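A structural walkthrough
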Number of protein chains: 4
Amino acid sequence: MFGITKERAERGVWDREVEDPQTPGFGEVSITVRQAGICGTDYHIYKWDAWSAGRVKPPLTMGHEFVGEIAAVGPGVSHLRAGQRVSCESHITCGHCVQCRTGRAHLCANTQIIGVDRAGCFAEAITVPAGNVWVVDPRIPDHHAAVFDPVGNAMHTVTRIGVSGRDVLVVGAGAIGLFAVAICRAHGARSIVVHEPNTYRAGLVKGLGADLVLDPSDGRALAAWERGLNGEGPDAILEMSGYAPAIRGALKVARNGADVALLGLPAGPVSLDLAEDVVMRGLTLCGVTGRRMFDTWFAVEAFMLRAPELMDRVVTHIMPARSYAQGFALLDQGACGKVVLDFAGLRGRAA
Amino acid sequence: MFGITKERAERGVWDREVEDPQTPGFGEVSITVRQAGICGTDYHIYKWDAWSAGRVKPPLTMGHEFVGEIAAVGPGVSHLRAGQRVSCESHITCGHCVQCRTGRAHLCANTQIIGVDRAGCFAEAITVPAGNVWVVDPRIPDHHAAVFDPVGNAMHTVTRIGVSGRDVLVVGAGAIGLFAVAICRAHGARSIVVHEPNTYRAGLVKGLGADLVLDPSDGRALAAWERGLNGEGPDAILEMSGYAPAIRGALKVARNGADVALLGLPAGPVSLDLAEDVVMRGLTLCGVTGRRMFDTWFAVEAFMLRAPELMDRVVTHIMPARSYAQGFALLDQGACGKVVLDFAGLRGRAA
Amino acid sequence: MFGITKERAERGVWDREVEDPQTPGFGEVSITVRQAGICGTDYHIYKWDAWSAGRVKPPLTMGHEFVGEIAAVGPGVSHLRAGQRVSCESHITCGHCVQCRTGRAHLCANTQIIGVDRAGCFAEAITVPAGNVWVVDPRIPDHHAAVFDPVGNAMHTVTRIGVSGRDVLVVGAGAIGLFAVAICRAHGARSIVVHEPNTYRAGLVKGLGADLVLDPSDGRALAAWERGLNGEGPDAILEMSGYAPAIRGALKVARNGADVALLGLPAGPVSLDLAEDVVMRGLTLCGVTGRRMFDTWFAVEAFMLRAPELMDRVVTHIMPARSYAQGFALLDQGACGKVVLDFAGLRGRAA
Amino acid sequence: MFGITKERAERGVWDREVEDPQTPGFGEVSITVRQAGICGTDYHIYKWDAWSAGRVKPPLTMGHEFVGEIAAVGPGVSHLRAGQRVSCESHITCGHCVQCRTGRAHLCANTQIIGVDRAGCFAEAITVPAGNVWVVDPRIPDHHAAVFDPVGNAMHTVTRIGVSGRDVLVVGAGAIGLFAVAICRAHGARSIVVHEPNTYRAGLVKGLGADLVLDPSDGRALAAWERGLNGEGPDAILEMSGYAPAIRGALKVARNGADVALLGLPAGPVSLDLAEDVVMRGLTLCGVTGRRMFDTWFAVEAFMLRAPELMDRVVTHIMPARSYAQGFALLDQGACGKVVLDFAGLRGRAA
């Protein structure tokens, strides 16, 4: 079958015939893929940066966020059936460590990620554990259902600290940052300010209802905003950039007692003035990874049902799977929100 | 009256005749001091380090943790009366900022600290706002009541994350770290490991019921302990050292999802591997300052009533106020837990 | 000055010349009233039911929710000034009990309520403690600012359990229930179902964006809804009716583990099947009274700034203060959302 | 093999030869039973009260709390092995409902309970799902490990509201109430008062370190205690009796804002003054059932390791399995804490 793969340990992404997925074993299901999103992680693997070079073993079918339909269920799976439209949690966890046993499977040290550590969803079909499967509400269209996973990252970040009635600062408006802005709007934030230098993405942010978008490279605009805060800066900060100066800047403007959710992954060590900016001002810094299984999924479903128009504004591109090179180019140019690839068309079927 | 003061902008501490405290104004009370503790903050002012040189304006009567009895109440104070034995919250806050109005006065940006920003308690008497006063339970002896404030720092740190049933690492066993160990024991921690290089303090830790005390400068012992953790390091960390390598080491051994309460104040910026050690492992870092007014005080009172024998082990020295130089010398040598100065004796009265 | 009062211990409400408010004492301010809302509590006093007969001592100026402007500040008040437009928390609390000292002043056992236990705001002016005053954001119009207090009841109820992403049932759509529906919509509830028999109010509910309004007296409609729940009833319930059968019905349909916020005040004992409906299904029942001081006020301000169009739909009537009899008649008929009385016009000034 | 069974739909309990447990299927393990506790639930089934008559289908092997060792593991179980000493969560849940998928499996509506809905552990062996198995720390003796399940009920109740530093009232000191008292002591409660009319159990309570044990049938003693509370009654209440007057009495003395955990199961409806006792005083009532899987188990393990001497005081009787009639008689007489039956001796092996 058709697959989009990391063939070689160098920059790039390829396509070729890959093996059909295995017949589902005990507790597994196989899924025919309809649509799949391109994630920032896929883009890291495409660029073959230090992180991906240290973790991914080519050749590997890429991709981990998708919607499809169940083709077959393995033995021992009684609550799912062929034909159901489903999405899938990309983290496959061990199930018996202290994290898995206390509702924190997203922190399982034995996690395998689809499309990173094992064959991914950028293919016509995939086989996964039944426990990872999420049955999609019929009111949610495919191009939203395909991105449950990254909307889940955004939702996990937002709900880790809570934003109802709070003054929110979102640092960085890549696809997850954009989803986060939309969720903050839907959850009743008092105000939403976004720091994003990319003009295209700043435009998307405005369409999602943010109160202010600032280009952090515009020192004058930034300084003017900071002066206006009067010591009552944002009390809920969503750090999506992983950029050290942005992190330090966010801590500096945070209100005393603010909560700071950290999702962005800095490339190296970050130097912080812990005494002045964290300890003495009572800040809380929360590392966020993955999605809570499956609290976050229920919250995302609620959001998608409530705010389809916001979802539509972030999913900016849907294109045939064979056009994947164009999709990665859009990420390269920063000229997109979320890009979704259509695999259903490979089989001459409507998505 | 007798006062212990910071006379000059240089290392040292002095005593001299200071002015009698003001007659209590509207909403104030004046208190005759019985005993007062020497805090790490007082020691910083004694050493005249960068922080104190930047904040304290000599000459100033020092000291902020004490027990005494009310000498007079000002107009408008109806719930207190002369003769009551009291301690006092050292942070005087504005009362009308967003922090003060939402139960987070310890984060008030307009805070004045007794003995730092205004006349302190190392004197025969002091005048403070009635709202800062805490009436002491008669079952609590003076040498415990004198240190409500630092036990409050420890309690605030412990309760910021909660330790019942958890594996706790306490980094640094100065007086506040020692109180924290005792509180962890009283609150049902599953295990308590302490990192402390000072032999005297390590001995005190053992007497408080810690399971293991490690000298972090003993690389072999530390490595052996870390090997034994099997990826399930402490899930509750109390950082009391402010020492950058210790902070980094604590994050490295933390269990995924651990809570880290930061009380120690690093002297400069601290470089952290946020991606590996905080974001991807879902850690939470909580800055802790002051005491919650007055939730923390109630919790400290409960602890003092339940565990007087643990309190006794940490308050290692009680000495006449005029021997203050000896007290500061003990801090200089690291040869003490908490040192308490007795001011009642100045008046020929038993403490 | 003009005042609306409870003159005699019988059904009714009257107006007459009342004494001018006292010159503000230490820590007090006097306020010229612009607009004031009629609360369900005022209506209870009007009807002279068992509760009001047991608590209120006629003659008494009524009213406790209002907006006005500061006429004079007493000694010791430095953070407020004459001319500021303000609203006011109606609970005057002692300030030094365990509740007041731990951020739970709304549970102070020594509370005095304006217009219930002391002279109220249905008059040209009122004097209150400065600590109760809330400076109103200039973007909030008077007819919204006048009802900070009841919107605060609704906000307190909603935030006591949290509704983002949850399936909410609101039982009873009086003014506070209506505000609660609006807040649930603003805070990102997944779905909102309302039980309300009054046709007029059911119509208001629809305009606020509820998904379904049910007349609980229509057994067939209720049963059809319950059948459709499939054991996954609401997981967040706001009980605003105080009607025993409605409370029991709400517990019956609650999802296992649901949170139930109880604001409505039943007139007598309520018989509950605690074993089946609370213990074995892990429900949480939360009594809600007053507003958290002042966390709730900040949250209400954020809501008023974000959703003025929802506020406008609930404040259905604004009328001159002298028309108060008509206002009480509207409550009697159930033919209103929130009714606001204008006192500014008494002085020939625009509201 | 030997089994203790409910043979007939009438008062009583019997023993007979029962079938050997099934060979473990996919994802299952079979366990040789060493020791098992007699639960209040077993006693209800023995008495054949309305609840058990409505749920249990004789003949059935009883029992659900035990320790044993793994005899065989079924296919698909890779993290357990024969010979491991284990206990077992008695609730077998569906794994895919909203409760199971959000860390609240104890609220799964599809739960089957061992010894209630399917063959129990009062036998030489039992087969259960691997996911229910808990590997026992080698430092925990069999007679403690046998009662992980009821200590878990107590721990769940205590941790549902938290007791560190709080004034606790425990209503009812059956085995679970006794364990709860011990846990409150271990978790740093400020004070512990227990209401228990049974003299034997009141004696056990004293040995666990409660501050006061009251016989609620002694009206004079009760009234004296209540008078002494001065409006500051317990702020954490653990209701273990299911006795309506006791529940009402507990709410009456509760401090404003208190948390009340409800574990006891009333036999019929309970009439409460919700307005006065819950709504206006801001109480929170929390239904508690089962144990959080497996957060509660980790907390119980920590407690058992820390306080074996308290465990020993509650487990008052260990007797051969064949003496089960004597065990049930002790429950009938209220002359025991927890009774443990030894099944290892049936095979001539030391427990």
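Keep in mind that what you see is a predicted model, and the values were worked out from it rather than measured.

1. Focus on the overall build of chain A
Looking only at helices and strands, chain A has 12 helices and 19 strands in total. Taken against the 2.2 N^0.38 rule, which gives 20 Å for 351 residues, the C-alpha radius of gyration of chain A at 20 Å falls within 12% of a compact globule. Along the first, second and third principal axes, the C-alpha atoms of chain A reach 60 × 40 × 40 Å. When the 351 residues of chain A are sorted by exposure, 62% land in the buried category. Long-range contacts, defined as pairs at least 24 residues apart, comprise 70% of the intrachain contacts of chain A with a sequence gap of at least 6. For chain A, the exposed surface amounts to about 12,300 Å²; the carbon and sulfur share of it is 50%. The averaged location of the 36 negative side-chain charges in chain A is 2 Å from the averaged location of its 34 positive side-chain charges.

2. A word on the sheet that holds strand β2 (residues 14-17) of chain B
Residues and elements named next belong to chain B. What the three strands build is an open sheet, ordered β2-β1-β4; its pairing is antiparallel. On the outer flanks of this sheet lie β2 and β4 (60-61), each paired with one strand and no other. Alignment of strand β1 (residues 2-6) against β2, held across four bridges, turns out to be antiparallel. Looking at β2, one finds that Ile 4 is bridged to Asp 15.

3. Quick notes on the relation of the copies chain B and chain A
Relating one copy of the chain to the other requires a rotation about an axis plus a shift along that axis. Of the two same-sequence chains, chain B is brought onto chain A (RMSD 0.0 Å, axial shift 0.0 Å) by a rotation of 180°. As the rotation angle and translation indicate, the two copies are arranged about a two-fold axis. Closest to the rotation axis within chain B is the C-alpha of Ser271(B), separated from it by 2.0 Å. In this assembly the copies share their binding face: 100% of the residues contributing to the interface of chain B also contribute to that of chain A.

4. Here's the deal with the environment of Leu222(C)
Residue and element names in this part refer to chain C. Structurally, Leu 222 is set in helix α7 (residues 219-228). The spacing of Leu 222 and His 195 is 27 residues in sequence and 9.1 Å in space, taken between C-alpha atoms. With sequence-adjacent residues up to four places away left out, Leu 222 is seen in contact with His 195, Leu 214 and Pro 216.

5. Section: the sheet that holds strand β13 (residues 212-214) of chain C
As summarised here, the arrangement of the 12 strands in space is β13(C)-β12(C)-β11(C)-β14(C)-β15(C)-β17(C)-β17(D)-β15(D)-β14(D)-β11(D)-β12(D)-β13(D), forming an open sheet in which the pairing is mixed. In this open sheet, the two strands that pair with only one neighbour each are β13 of chain C together with β13 (212-214) of chain D. For this sheet, the mean inter-axis angle between neighbouring strands, taken without regard to orientation, is 15°. For strand β11 (residues 167-171) of chain D and strand β12 (residues 191-195) of chain D, the ladder comprises five bridges, and the chain directions are parallel. Bridge pairing links Leu169(D) to Val193(D) in β12(D). Its contacts with the sheet put helix α8 (residues 244-253) of chain C on β11 (167-171), β14 (236-239), β15 (259-262) and β17 (284-287) of chain C, and the angle it makes with β11(C) is roughly 170°. Against the sheet, helix α8 (residues 244-253) of chain D touches β11, β14 (236-239), β15 (259-262) and β17 (284-287) of chain D, its axis set at about 170° to β11(D).

6. Concerning the relation of the copies chain A and chain D
Between the two copies, chain A and chain D, the superposition gives an RMSD of 0.0 Å; the rotation angle is 180° and the shift along the axis is 0.0 Å. Both copies present the same face, since 100% of the interface residues in chain A are matched by interface residues at the equivalent positions in chain D.

7. A short note on the domain arrangement of chain A
Residues and elements named next belong to chain A. Taken domain by domain, chain A comprises domain 1 (2-136 + 307-347) and domain 2 (154-287). Just the C-alpha atoms count here: the centres of domain 1 and domain 2 sit 29 Å apart. On the domain 2 side, the residues contacting the 14 residues of domain 1 number 11 residues. In this assembly, domain 1 packs against domain 2 so that about 1,100 Å² is buried in total across both faces, 72% of it on carbon and sulfur atoms. Contact with domain 2 buries surface across domain 1, with Leu 310, Arg 313 and Val 314 losing the most and accounting together for 44% of the total. Across the domain 1-domain 2 interface, the total number found is zero salt bridges. Where domain 1 packs against domain 2, one counts three residue pairs in polar contact (both at pLDDT 80 or more).

8. As for the interface of chain B and chain A
At the junction of the two partners, chain B supplies 36 residues and chain A supplies 36 residues. Buried surface at the junction of chain B and chain A, summed over both partners, amounts to about 2,900 Å²; 59% is from carbon and sulfur atoms. Ranking the residues of chain B by area buried against chain A places Asn256(B), Leu274(B) and Val279(B) at the top, with a combined share of 19%. At the boundary of chain B and chain A, one finds zero salt bridges. At the junction of chain B and chain A, the tally comes to 15 residue pairs in polar contact (both at pLDDT 80 or more). Looking at the side of chain B that touches chain A, the elements that each hand over two or more residues are β16 (270-272), α9 (274-279) and β17 (284-287) of chain B. Broken down by class, the residue content of the side of chain B that touches chain A amounts to 21 nonpolar, nine polar and six charged. Strand direction decides the pairing type here: strand β16 (residues 270-272) of chain A and β16(B), joined by three bridges, are antiparallel.

9. Comments concerning the interface of chain A and chain D
Contacts between the two partners involve 14 residues from chain A, matched on the other side by 14 residues from chain D. Buried area between chain A and chain D, summed over both chains or domains, comes out near 1,300 Å², and the portion from carbon and sulfur atoms is 61%. Linking chain A with chain D are zero salt bridges. Applying the counting criterion to the chain A and chain D interface returns eight residue pairs in polar contact (both at pLDDT 80 or more). Secondary structure elements with two or more residues in the side of chain A that touches chain D: β10 (133-135) and α10 (295-306) of chain A.

10. Here we look at unusual backbone geometry
Peptide bonds are trans in most cases, and residues, glycine excluded, mostly fall at negative phi. Residue Pro59(D) is reached from Pro58(D) by a cis peptide bond, and omega for that bond is -5°. Take Pro59(D): it is sitting in the loop between α2 (50-55) and β4 (60-61). Between Met293(D) and Phe294(D) the backbone carries a cis peptide bond, its omega angle lying at 5°. Mapped onto the secondary structure, Phe294(D) falls in the loop between β17 and α10 (295-306). At Trp48(A), a position not held by glycine, the phi torsion is positive, near 60°. Topologically, Trp48(A) is positioned in the loop between α1 (40-47) and α2 (50-55). Judged by relative accessible area, which is 15%, Trp48(A) ranks as buried.

What counts and how
- Residues numbered from 1 in each chain as written.
- Chains lettered and ligands numbered in written order.
- Predicted model: local features only at pLDDT ≥ 70, side-chain atom pairs only at ≥ 80, totals over all residues.
- Heavy atoms only, no water.
- Helix = DSSP H or I, 4+ residues; strand = E, 2+ residues; numbered from the N terminus.
- Rg over C-alpha atoms; globule rule 2.2 N^0.38 Å.
- Buried < 20%, exposed > 50% of the residue type's maximum accessible area, 1.4 Å probe, protein only.
- Contact = heavy atoms within 4.5 Å.
- Areas by Shrake-Rupley, 256 points an atom, 1.4 Å probe, with all protein chains shown as cover.
- Lys, Arg positive; Asp, Glu negative; His and termini not counted.
- Charge placed at Lys NZ, Arg CZ, Asp CG, Glu CD.
- Pairing = 2+ DSSP bridges.
- Least-squares fit on C-alpha atoms with pLDDT ≥ 70 in both.
- Axes fitted to C-alpha atoms, helices over the stretch in contact; angles between N-to-C directions.
- Domains from an automatic or database assignment.
- Buried area = accessible area lost by both parts, 1.4 Å probe.
- Salt bridge = Lys/Arg side-chain N within 4 Å of Asp/Glu carboxyl O.
- Polar contact = N/O pair within 3.5 Å; in protein donor to acceptor, adjacent residues only side chain to side chain.
- Nonpolar A, V, L, I, M, F, W, Y, C, P; charged D, E, K, R; others polar.

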